[in-house]
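Remarks on the overall topology
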Amino acid sequence: MNKMGIGNRIVYNKIVDMYAKCRRQADARKVFDQMPERDVCAWTTMIAAYAKHGPAEEALKLFDNMKQIGVMPNGFTFASIVSACASLVSLEKGEEIHEEIRRCGFECHVPVANALLDMYVKCERLDRARRVFDEMAHRNVVSWSAMIAGYAAQGEPEEALGLFGRMQLMGIRPNQFTFASVLPACTRFGSLEKGMEIHLGIIRGGFCSNVIVMTALVDMYAKCGSMEKARELFDGMQERTVVSWNVMIAGYAHNGLVDKAMEVFNEMPQQDLLSWNSMIAGLALNGKRDKALKLYQQMQLAGLRPDSMTFTGILPVCANFAALEQGREIHEKIIRNGLHSHVNVANALIDMYGKCGTIQKARYLFDKMHHRDVVSWTAMITGYSMHGCGKEALELLEQMKTSGVKPNEVTFVCVLSACSHAGLVDEGYQCFKDMSEFYKIIPRMEHYSCMVDLLGRAGRLDEARDFINQMPVQPKAAVWKSLLSACRLYNNIELGEWAAEHVFELDWKNAAPYVLLSNMYAVAGRWDTIERVRRMMKDRGIQKTPGCSWIEVNKEVHNFIGGDRSHPEIHKIYTKLEILSREMKVAGYVPDIRFVLNDVKEEEKEEILRHHSERLAIAFGLINTPPGTIIRIVKNLRVCGDCHSASKFISKITAREIVVRDANRYHCFKDGQCSCGDYW
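Summary of the structure given here. (Residues numbered from 1 in each chain as written. Predicted model: local features only at pLDDT ≥ 70, side-chain atom pairs only at ≥ 80, totals over all residues. Heavy atoms only, no water.)

Before going further, it helps to spend a moment on the sheet that holds strand 5 (residues 666–670). Across the sheet, which stays open at both edges, the six strands sit in the order 2-1-3-4-5-6 with mixed pairing between neighbours. Each end of this open sheet is capped by a strand with a single partner; those strands are strand 2 (556–561) and strand 6 (673–674). Bridge analysis of strand 4 (residues 658–661) against strand 5 gives four bridges, and the strand direction is antiparallel. What sits directly across from Arg 661, in strand 5, is Tyr 666. Strand contacts of helix 36 (residues 641–654): strand 4, strand 5 and strand 6, with the helix running at about 35 degrees to strand 5, the strand carrying the most contacts. (Pairing = 2+ DSSP bridges. Helix = DSSP H or I, 4+ residues; strand = E, 2+ residues; numbered from the N terminus. Contact = heavy atoms within 4.5 Å. Axes fitted to C-alpha atoms, helices over the stretch in contact; angles between N-to-C directions.)

What follows concerns empty space enclosed by the protein. Applying the stated criterion across every chain yields a total of one cavity of 30 Å³ or more. If you add up the space inside the largest cavity, you get close to 90 Å³. Forming the boundary of the largest cavity are Leu 577, Leu 580, Ser 581, Met 584, Lys 585, Tyr 589, Pro 591, Glu 606, Arg 610, Arg 615, Ala 646 and Ile 650. Those elements giving two or more residues to the lining of the largest cavity turn out to be helix 33 (570–586), helix 34 (602–610) and helix 36. At five residues, the largest contribution of residues to the lining of the largest cavity is made by helix 33. For the lining of the largest cavity, the class distribution of residues is seven nonpolar, one polar and four charged. (1 Å grid on protein atoms, 1.4 Å probe; cavity = no way out; pocket = protein on both sides within 12 Å on 5 of 7 lines; lining within 4 Å. Points joined across faces, edges and corners; volume = space filled by probe spheres on them. Nonpolar A, V, L, I, M, F, W, Y, C, P; charged D, E, K, R; others polar.)

What follows concerns the environment of Ile 468. With respect to the helices and strands, Ile 468 occurs in helix 28 (residues 461–469). Between the C-alpha atoms of Ile 468 and Gly 205, which are 263 residues apart in sequence, the distance is 47 Å.

Residues Ile 81, Ile 97, Ile 198, Ile 314 and Leu 483 are the most contacted members of the largest nonpolar core, which totals 194 residues. No other element matches helix 13 (residues 211–223), which puts nine residues into this core. Each residue touching Ile 97, except ones within four places of it in the same chain, is listed here: Leu 60, Phe 63, Phe 78, Ile 81, Val 82 and Cys 85. The next biggest cluster of nonpolar side chains, apart from the first, holds 29 residues, and it includes Val 553, Tyr 574, Phe 620 and Val 639. (Core = buried A, V, L, I, M, F, W, Y, C linked by side-chain atoms within 4.5 Å. Buried < 20%, exposed > 50% of the residue type's maximum accessible area, 1.4 Å probe, protein only.)

Here we take up the pairing of strand 5. Among the five residues of strand 5, four are classified as buried, and the element is accordingly described as predominantly covered. Connecting strand 4 to the next strand, strand 5, in antiparallel fashion are four residues.

The next subject is the packing of helix 15 (residues 242–254) against helix 16 (residues 258–267). Two elements in contact, helix 15 and helix 16, have axes separated by 7 Å at closest approach and are oriented at 165 degrees. Taken together, the axis directions place helix 15 and helix 16 in an arrangement best described as roughly antiparallel. Note that helix 15 runs across helix 16; the crossing there is left-handed. Contacts from Trp 245, Met 248, Ile 249, Tyr 252 and Ala 253 in helix 15 reach Val 258, Lys 260, Ala 261, Val 264, Phe 265 and Glu 267 in helix 16. Each residue belonging to the contact of helix 15 with helix 16 can be placed in one class, and the counts come to nine nonpolar, no polar and two charged. (Parallel < 35°, antiparallel > 145°, perpendicular 65-115°, else oblique. Left-handed = near helix turned anticlockwise from the far one by under 90°.)

Here we take up the packing of aromatic side chains. A full pass over the atoms with the stated rule returns 19 aromatic pairs. With a centroid separation of 6.1 Å and 55 degrees between ring planes, the pair formed by Tyr 448 and Phe 467 is classed as tilted. A residue pair is termed long-range when its members are at least 10 positions apart, and Tyr 448 in helix 27 (residues 445–457) and Phe 467 in helix 28 qualify at 19 residues. Tyr 448 gets classed as buried once you look at its relative accessible area, which sits at 7%. In this structure an aromatic cluster arises from ring pairing among Phe 63, Phe 78 and Phe 106. Directly above the ring of Phe 133 sits Arg 139, whose terminal nitrogen or CZ lies 4.4 Å from the centroid. (Phe/Tyr/Trp six-rings, centres within 6.5 Å; stacked < 30°, edge-to-face > 60°. Lys NZ or Arg CZ within 6 Å of the ring centre and 35° of its normal.)

Laid out in C-alpha cells, this is it:
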C-alpha cells in the first residue's frame, strides 16, 4: 500500500468531518473506507459521528476495529466512544471502556471525565457519576451542569440545588445548559421560591432571550402551579420552539386545565409527535378516557406513527379504568411497532396489567425485561400491593436490592402499602426502619400515613395513635384519615371522633371523613348524631362522593352510580339482581344493613344495598358476557362489607370469577371466597 502524504490525509479527514457534521454518515463512511491510511484523527471523527448521530452500535464496532489494527485511542476517541455507550445506555460496555481509560491514563482529561459522568448519569448510576465528578482535578461548566442534571433527573433535587450553589461559590458561571438542568430540580423539590431566585440569576446572566432557558423556566412555573406566570413568560418569548408549545400543553394538563391545554394544542403553528403525546398524556392524567383514546386514533389517522411516549401516555388510561381488552389491543400494536423491549413502555405495560387485575401477565413481562430501572421494580411491587400479595412484594424488594437498583421513596410507599394490605405489621416496621437508616430516605407524609394504616388495619389502634404522637413532623390530614378509617373498621367511636376533629381542622372540605364518622354512628344506631354530621356537611357545602363503578364489555366501558336508573338495560339489571338476591338468601346470605346510612325500614335498606354501583355493574356483566367469562369491575370507593359478602355469594352461585378493584386494592371473588381473606 502506498504511503499517503500528510496533506492528503488532512484533506480526507476534513471531508469525513464535513459529511459527519452534515449528518451524512453513509457518505462519511464511504470516504473513510476509501482512505489508503487512517490515523487516530480519522477514526475518532468517524466514531464521533456515529456516537452523536447514530447508529451508536457502529461506533463500538469501529472502536474495536481501530484497536485491532494497532491504532491507539486518544482522549477525544475515548470521549466519543463513552458518549456512544451513553446513547445505548450500555453500562457494562461503558464500565469496560472506563477501565481501559484508567489503564491509558486519560481519566484526568476533562472531556473524557465529562463523557464518563454523562454516561453514568444516563445509566442511572449517580453514585458512579459522583465518584468521577469528585475525582476530577479540574471541572468546567459542562462537568457541573451534567452532575446537576443527573441529580435533578433522578429525583434528588436537594443535591442538584446544593451543587448549583457550590458551583457559583467556586466562581463557575452557569451557562444555558446549567440553568436548563437546575430548573427541573425546583420543580421536583416543589420550591417555587427557589425557582424565582434562579429566575433572577437568569435575568442577571442575560439569558432571557435564550429559548432553551426560557422554555425550562416556563416549565418550572407551570409545574410549580403558577400558570399565570408561565403564560406571561410564554407570551413574551421572542422565539418559541415546538418544545416551548409542548411545555405549555403539559403545564396546563398538569394543573388540570385540559381545555386550556387543548386550546394551545389547536393554536400551534405546527404539531409534532411530542405535541400529540403531551395532549394524550394530559387527557389521560385528568381522567378524560374517551377524549384520550379519540385523540390517539386521530393521531394515527393524521399519519403519525406512535412512539414509546405515545404508548406510555395512553396505557395509563386503560390501567385507570381497568380496560383490559383495550390494553391488550394496544399491547399488540406495541409489539408490531417493535417497542415492547423499550424500558418505559414495558414499565407502562406492567402497570397496566397489574391495575387491570392480571398480575401473572404483569410478572411475565417483568421477568422478560433485559434491563429494569427503579420504575420497573416499583410498578411490579405496586401490582402485588394492589392484589394483597405482601410476601411477594417483600421478596421482590429483596431481589431489587441484590440487583443493584436502589429503591426510592415511591418504592417504599408501595412496599408499606403491600404490608398493610397483607397484615404484615412487623415486616412493615422493618421496611420503615431500613428506609431511613439504611437508604437514608427521609420519611414523607405518605410513609407515615402508610404506617398508621398498617397498624390500624391490624387493630392496633393505640399503637397507631402513639405513632402519630411521636411523629417528628406535624401530621397532615392523610395521616388522621388513616386513623379514622381504622376506627371505623373496628368501631372505636371515641378515638374516631378525636381523629375526625384533626381531619376537619386540616381538610374540612373533604367528604370522606364525614362519611367515615357517619358509618361508625350508623353501626351504633346513633341516627341523631348522623343527622348532625349531615347538617354540618350541608352548612359547609360538602357533598358526599357517590359510589361509581365501571365495567368494560366489548371494548366499551359502562358506568354505574348507586341507585342508578339511567342505563338502557337497567330493567334487565334490576331483575337480575332480584333473582340473585333470592338465590343468595337460599345459599345463606344475610344482608348487613349496618352499611346503610338512612334511618328507614329494613326492606328499604336491603333494596339500597342491592342497588350499590358495583352490584349493578356485576349484574350487567352477568347479562352481557358468556358463561365462564371473568367479570372485572372498578369502583371509585372502598367496597362496603355487605357488597363484599354479596360478591362472594354471587361468585359461587354463578360459577363466575369476579374481580373488583376498589379505591384500596383488588378483590378476586371465586367459589364463594375472596383473595383478600376478608382483610381489607
